[in-house]
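# Structural features, examined
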Amino acid sequence: MSMTLFDSPSFANHEGVHAVFDEKTGLRAIIAVHSSARGPAVGGTRMWNYASSAEALEDVLRLSRGMSYKNAVADLEMGGGKSVIIGDSRTQKTPELFRAFGRAVDTLGGLYYAAEDVGVSVDDIAEARKVTPYVLGLNDGPEASGDPSPVTAEGVFRSTLLAAKRLWKQDDLTGLTVSVQGIGHVGGYLADKLYAAGARLIMTDVNTALLAEVAARTHAEIVAPDAIYDVKADIYAPCALGATLNPQTLDRLTVKAVVGAANNQLATPDIGQMLFERGVLYAPDYVVNGGGIINVASELKARQTGGAYDAAWVETKLSRLMDTLEEVMERSATEKRPTHEIADAIAEARINAARDLKAEQRKAA
């Protein structure tokens, strides 16, 4: 069955979807701008060997809408967008390909800013930067925000403390066991913070050498990747792949809270409802892991004002995000609704308010 863009289940009133082709480099990309109500659309660029262009379209539609919500819930003056490059990131990358991608981004004139994501490195983005100013996540220059992982990890850590305070009425993690799935970029930083706060750790990762290293310094117990769902723990921290909260894993988890860095943790929204009904506190992923995009937002702000990266501004936004997470947990309890629905409602209200304000300003003009 052939499907048009507007019939796609993931089409959510996107403002624009741009298909990009460059014959010389073989670039095939899709740039999706979900919303620019709160500011320029910002979101990463993913390079993936999609089975079909329809699959690439679904991904970019879903991810760009997700960025609108993530940026709004973090109270950033940015909209949501995302881009995908169709191809094998291990074999098909060339500097020319990323310059061609940069030229495509440039044609949007600042409506969308790209940054690195799965399959795309800081070096790739630097290549695109040669032909367009509309990319973020650079390693050099006064506005450069560098690796966002430490800030992301700090946000996940503070979110874990909020869950502990709510469920166990304690200010640290003493006596609590956290099962950490994935100790790559963010997970490693997070493990150190959890351990310092008194948590007992059980961890897994496919990278056994890295796993052994992090486990040694955090005195963690190591388990096989699939066994992480069955361990006896108080908090589950998914920090690797998405959709690990699904019908197959739900009955295996004995935790009282889920607080992790992974994107798209719920396989489907109804899993959020099921967690809520079981009395498991789910800290919505895009609230918990918003530290990284706050870090990137500081770079955009510096770019716009001609200033430099501002760690104090990042801290202010991160604290504000934690206030929002507290509001999400509080409202979920009083309104008897799952946390992911509350977070979405807060994000939607902020996006709609900005959109209405823009419409008013247009009328006035």
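Further up the page is the structure itself.
Just so we're clear, the structure is a prediction, and the values are computed from it rather than from any experiment. (Residues numbered from 1 in each chain as written. Predicted model: local features only at pLDDT ≥ 70, side-chain atom pairs only at ≥ 80, totals over all residues. Heavy atoms only, no water.)

## A closer look at the overall build of the chain
- The helix and strand tally for the chain stands at 11 helices and 11 strands.
- Its C-alpha atoms give the chain a radius of gyration of 20 Å, near enough to 21 Å, the size a compact globule of 365 residues would have.
- Taking the principal axes of the C-alpha coordinates as reference, the chain spans close to 55 × 50 × 50 Å.
- Across the 365 residues in the chain, those meeting the buried criterion constitute 54%.
- Side chains of the chain carry 37 positive and 47 negative charges; the gap between the two charge centres is 3 Å. (Helix = DSSP H or I, 4+ residues; strand = E, 2+ residues; numbered from the N terminus. Rg over C-alpha atoms; globule rule 2.2 N^0.38 Å. Buried < 20%, exposed > 50% of the residue type's maximum accessible area, 1.4 Å probe, protein only. Lys, Arg positive; Asp, Glu negative; His and termini not counted. Charge placed at Lys NZ, Arg CZ, Asp CG, Glu CD.)

## Observations concerning the environment of Y282
- Here Y282 is to be found in strand β11 (residues 281-282).
- Separated by 40 residues in the primary sequence, Y282 and G242 have C-alpha atoms spaced 14 Å apart.
- Here D285 takes part through its backbone nitrogen, which lies 3.1 Å from a polar atom of the side chain of Y282. (Polar contact = N/O pair within 3.5 Å; in protein donor to acceptor, adjacent residues only side chain to side chain.)

## Structural notes on the sheet that holds strand β7 (residues 200-204)
- Read across the open sheet, the 6 strands follow the order β8-β7-β6-β9-β10-β11; overall the sheet is parallel. With partners counted over all chains shown, the strands left at the sheet margins are β8 (221-222) and β11, one partner each.
- As paired strands, strand β9 (residues 235-238) and strand β10 (residues 257-258) are joined by 2 bridges and run parallel to one another. Within β10, the position partnered with Y236 by the bridge is V258.
- Across the sheet, helix α5 (residues 185-196) touches β6 (177-181), β7 and β9, and the angle it forms with β7 is around 160°. (Pairing = 2+ DSSP bridges. Contact = heavy atoms within 4.5 Å. Axes fitted to C-alpha atoms, helices over the stretch in contact; angles between N-to-C directions.)

## Digging into helix α7 (residues 269-277)
- Burial in α7 covers these residues: I271, G272 and L275. Within α7, the buried residues cover an arc of 105° as seen down the axis, which keeps them to one side. α7 presents P269 and E277 as exposed residues on the side facing more than 90 degrees away from its buried surface.
- Positive backbone phi, at 75°, marks G279, one or two positions downstream of α7. (Arc of directions from axis to C-beta.)

## Remarks on the nonpolar core
- Grouped together as the largest cluster of nonpolar side chains are 89 residues, with contacts concentrated most on V180, L194, L201 and M203.
- Discounting chain neighbours no more than four positions away, the residues touching L201 are V178, V180, A191, L194, Y195, T218, A220 and E221.
- Counting residues in hydrophobic clusters, the runner-up holds 17 residues, among them V231, Y236, L250 and L266. (Core = buried A, V, L, I, M, F, W, Y, C linked by side-chain atoms within 4.5 Å.)

## Here's the deal with the sheet that holds strand β2 (residues 27-35)
- One open sheet accounts for 5 strands, arranged β1-β2-β4-β3-β5; its pairing is mixed. Strand pairing shows two members of the sheet lacking a second neighbour, β1 (16-22) and β5 (112-116), which therefore form its edges. Strand-to-strand, the axes of this sheet are offset by a mean angle of 25°, without reference to chain direction.
- The sheet strands contacting helix α1 (residues 53-73) are β1, β2, β3 (41-48) and β4 (79-86), and the helix crosses β4 at an angle near 155°.

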